[in-house]
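One letter stands for each residue in the lines below.
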Amino acid sequence: MTSVAEHQRAVAELIGRLWRPAAETLPLGAALGRTLAADVATPIDLPPFDNAQMDGYAVRSDASAGELAVTGHVAAGDPVGVFPGGAVAIMTGAPLPQGADAVVPVEQVGSFRAVGSTIDLAEPTPAETFVRRRGSDLPAGATLLPAGARLGPPQLGALAAAGVEVVPVRARPRVLVVSTGAELAEPGAALPPGKIYDANALSLAAAVTEAGGIALATSVRSDAPAVLLSALESAGPVDLVVTSGGVSAGAHEVVREALAPRGVRFGSVAMQPGGPQGLGELAVAGRPTPVLAFPGNPVSVLVSFELFLRPVLRGARRSERGRLAASVESPAAKHQVRRGRVTADGSVELEGGPSSHLIAAYARSQALVHIPAGVEHLDAGDEVEIWRIDD
Ligand code: AMP
Ligand code: MG
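About the thresholds
Residues numbered from 1 in each chain as written. Chains lettered and ligands numbered in written order. Predicted model: local features only at pLDDT ≥ 70, side-chain atom pairs only at ≥ 80, totals over all residues. Heavy atoms only, no water. Pairing = 2+ DSSP bridges. Helix = DSSP H or I, 4+ residues; strand = E, 2+ residues; numbered from the N terminus. Axes fitted to C-alpha atoms, helices over the stretch in contact; angles between N-to-C directions. Contact = heavy atoms within 4.5 Å. Left-handed = near helix turned anticlockwise from the far one by under 90°. Nonpolar A, V, L, I, M, F, W, Y, C, P; charged D, E, K, R; others polar. Expected span 1.5 Å × (residues − 1). Near = heavy atom within 4 Å. Polar contact = N/O pair within 3.5 Å; in protein donor to acceptor, adjacent residues only side chain to side chain. 1 Å grid on protein atoms, 1.4 Å probe; cavity = no way out; pocket = protein on both sides within 12 Å on 5 of 7 lines; lining within 4 Å. Sits in = over half its atoms within 2 Å of the grid points. Salt bridge = Lys/Arg side-chain N within 4 Å of Asp/Glu carboxyl O. Buried < 20%, exposed > 50% of the residue type's maximum accessible area, 1.4 Å probe, protein only. Core = buried A, V, L, I, M, F, W, Y, C linked by side-chain atoms within 4.5 Å. Domains from an automatic or database assignment.

S.K.: Honestly, the sheet that holds strand 15 (residues 214-220) in this entry has me stumped. Any pointers?
M.R.: Whenever strands of a sheet pair, they do so through backbone hydrogen bonds, lying parallel or antiparallel. With mixed pairing, the six strands of this open sheet are ordered in space as 15-12-16-20-19-17. Across the chains shown, the open sheet's two edge strands, defined by having one partner strand only, are strand 15 and strand 17 (265-268). Going across the sheet, the axis of each strand differs from the next one's by a mean of 20°, ignoring polarity. Pairing of strand 17 with strand 19 (residues 276-284) involves four bridges; the strand directions are antiparallel. Its bridge partner being in strand 19, Ser-268 is matched across the sheet by Pro-276. Here helix 5 (residues 225-233) sits on the sheet and contacts strand 12 (174-180), strand 15, strand 16 (240-244) and strand 19; the angle it forms with strand 12, its principal contact strand, is near 165°. Packing against the sheet, helix 7 (residues 298-313) makes contact with strand 16, strand 19 and strand 20 (287-294), and its axis sits at approximately 130° to strand 20.

Written out as structure tokens, the structure reads:
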């Protein structure tokens, strides 16, 4: 039996070897959630000029006590001027007149006075007070974001602040999601006796999309290997194929029967749910393409995705700690992934049992709860690793 860590490495190695993401150039407004394909440097100093951090008066620190003449007024957007001495009324973000080196907040003076009047300052103001220096956030030419950075709101804001208009990003991986099984019915259609609705085509495609991929979902509602193979043969070029179902030791294991003779390896990973797994490469549209074969139960599919595919597509979930609200048993030989809710005081209440068909309980859950191989029993109050899945 393969360990979870070994299978994670094998998946990452296979995809890393076969998937060479192309780069494309996008305007910032279309780049949310994308990953930079190259380092991006700021073309300008951030901030681009010395400016005031507060509404107040620009002064020279060595002449900033006693009675000062109000000698000017500068607002955000005004050009950079030369400090004429005295005190210059200045607004937040306005360029600091050259020669001034401190800003006295208006609150310290009481109010803004007209040019030509005076203000009275009891104390001198030290140099650099409420001054935002040019380049103090990042100097021009320095790396603003490295290749591989994911572009969320803060990253897009930083790029926009630097005046960057377009960015090089990695192409989104195209992922063919294939659910399989003669028992599958399409949601919305009638449910004949003995059939179940196909949960996995939707859930896996959504998981791929959320992780930044382009999901192309197809359902093979059959256990005939020829039907699956013809679906794969008619597929266009993709970066990755993920199947659900038909991988365990039963009699109608369509994915295993179709793909094992073509070199995809099937085996058991020491985990629950999600033990039976397949991994290999297959020619799809004439290109060697990585194939991940997940088991069919709806919880197994999503847990497999979280453990093996999400880390490659987007990065693993953040590992957090929680305390169990109640004791739990787990098979010693397997890494068990339970599902749970996290209460206000941070304790973890398991939701539903360990069985992998409990998709409704999974949908009520907020976290995956990891019970590593080698652990058979945990008491209420014991610490566990959790991954939040509700963000
Ligand atoms: P299999 O791995 O094909 O033996 O499937 C394991 C279990 O998952 C069986 O109970 C299947 O009916 C169920 N299953 C397989 N595929 C799906 C699917 N796409 N949606 C919901 N349940 C499924
Ligand atoms: Mg099946």
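S.K.: When you look at the packing of helix 1 (residues 4-18) against helix 7 in this model, what are you seeing that I'm missing?
M.R.: The relative placement of two packed helices is expressed as an angle between their axes plus a distance between the axes. Packing of helix 1 against helix 7 leaves a shortest axis separation of 9 Å and a crossing angle of 40°. Remark: the crossing between helix 1 and helix 7 carries right-handed chirality. Residue-level contacts link Val-4, His-7, Gln-8, Val-11, Ala-12 and Ile-15 of helix 1 to Leu-307, Phe-308, Leu-309 and Val-312 of helix 7. Residue composition of the contact of helix 1 with helix 7, by class: eight nonpolar, two polar and no charged.

S.K.: Even after reading the chapter, I still don't get the sheet that holds strand 8 (residues 118-121), so can you show me in this structure?
M.R.: Spatially, five strands are ordered 7-4-6-5-8 in an open sheet, and the strand pairing comes out mixed. Only two strands of the sheet have a single neighbouring strand rather than two, namely strand 7 (102-105) and strand 8. Adjacent strand axes in the sheet meet at a mean angle of 40°, parallel and antiparallel pairs treated alike.

S.K.: Explain helix 1 to me, please; I cannot follow it from the model alone.
M.R.: In an α-helix, one turn spans 3.6 residues; hence positions three or four apart end up facing the same way. For helix 1, which comprises 15 residues, the first-to-last C-alpha distance of 21 Å matches the rise-based estimate of 21 Å (1.5 Å per residue) to within 8%. Structurally, helix 1 contributes buried residues whose contacts are with strand 16, strand 18 (271-272), strand 19, strand 20, helix 7 and strand 23 (335-342).

S.K.: I tried to follow the site of ligand 1 on my own but got confused; where do I start?
M.R.: Neighbouring ligand 1 are 15 residues, the closest being Glu-183, Asp-198, Ala-199, Gly-246 and Asn-297. The separation between a nitrogen atom of ligand 1 and a polar main-chain atom of Ala-199 is 2.9 Å. Interatomic distance of 3.2 Å between a side-chain N/O atom of Asn-200 and a nitrogen atom of ligand 1. Among the detected pockets, ligand 1 sits in the largest pocket. At the level of elements, strand 12 and strand 14 (196-197) are the ones that each hand at least two residues to the shell around ligand 1.

S.K.: Just checking my understanding: could you explain the environment of Val-328 for this structure?
M.R.: By secondary structure assignment, the location of Val-328 is in strand 22 (residues 328-329). Distance from Val-328 to Leu-228, taken between C-alpha atoms, is 40 Å for residues 100 residues apart in sequence.

S.K.: Got a minute to help me understand the pattern of salt bridges in this structure?
M.R.: Where charged atoms from two side chains of opposite charge come close, those side chains can pair. What the rule picks out here adds up to 14 salt bridges. We note a salt bridge from Arg-17 to Glu-281, for which the minimum N-O separation is 3.5 Å. Taken together, the residues Arg-17 in helix 1 and Glu-281 in strand 19 connect sequence positions 264 residues apart. Exposure remark for Glu-281: the relative accessible area of 33% places this residue in the partly exposed category. Between Arg-133 and Glu-128 there is a salt bridge, with the nearest N and O atoms lying 2.8 Å from each other. The partly exposed category is assigned to Arg-133, whose relative accessible area is 27%. A relative accessible area of 38% means that Glu-128 is categorised as partly exposed. Through salt bridges with shared partners, a single ionic network connects Glu-13, Arg-17 and Glu-281.

S.K.: Before we go on, may I ask you to explain unusual backbone geometry in this structure?
M.R.: Both trends apply: most residues other than glycine have a negative phi, and most peptide bonds are in trans. Cis geometry is found at the peptide bond from Leu-46 to Pro-47, where omega equals -10°. Here Pro-47 is to be found in the loop between strand 2 (40-41) and strand 3 (51-52). Residue Pro-273 is reached from Gln-272 by a cis peptide bond, and omega for that bond is 0°. Positive phi is not limited to glycine here, since Phe-130 has a value of about 50°. Taking the relative accessible area as the measure of exposure, Phe-130 reaches 30% and is therefore partly exposed. Phi at Ala-285 is positive, roughly 50°, even though this residue is not glycine. Exposure remark for Ala-285: the relative accessible area of 42% places this residue in the partly exposed category.

S.K.: Is there a simple way to think about the pairing of strand 8 in this case?
M.R.: For a regular strand, side-chain orientation follows a simple rule: the groups alternate between the two sheet faces. Burial of strand 8 is one-sided: the residues Ile-119 and Leu-121 facing one way are buried, the residues Thr-118 and Asp-120 facing the other way are not. As judged from the four bridges shared by strand 5 (residues 66-74) and strand 8, these two strands associate in the antiparallel manner. The residue bridging Gly-66 from the neighbouring strand is Leu-121, located in strand 8.

S.K.: Honestly, the nonpolar core in this entry has me stumped. Any pointers?
M.R.: Nonpolar side chains tend to gather and get buried jointly when the protein is soluble and globular. Core analysis: the biggest nonpolar cluster contains 32 residues, and Val-242, Leu-292, Phe-294, Val-303, Phe-305, Leu-307 and Leu-309 have the highest contact counts within it. When contributions to this core are tallied by element, the ones reaching two or more residues are helix 1, strand 12, helix 4 (200-210), strand 16, strand 20 and helix 7. Sorting elements by how many residues they give to this core places helix 7 first, with nine residues. Counting the residues that make up this core, at least three belong to each of domain 1 (4-21 + 172-313) and domain 4 (319-388). Filtering out sequence-adjacent residues up to four positions away, Leu-292 remains in contact with Val-11, Ile-15, Leu-240, Val-241, Val-242, Thr-243, Gly-278, Leu-279 and Leu-309. In terms of nonpolar packing, the next biggest core, distinct from the first, is built from 20 residues, Val-238, Val-254, Ala-258 and Ala-293 among them.

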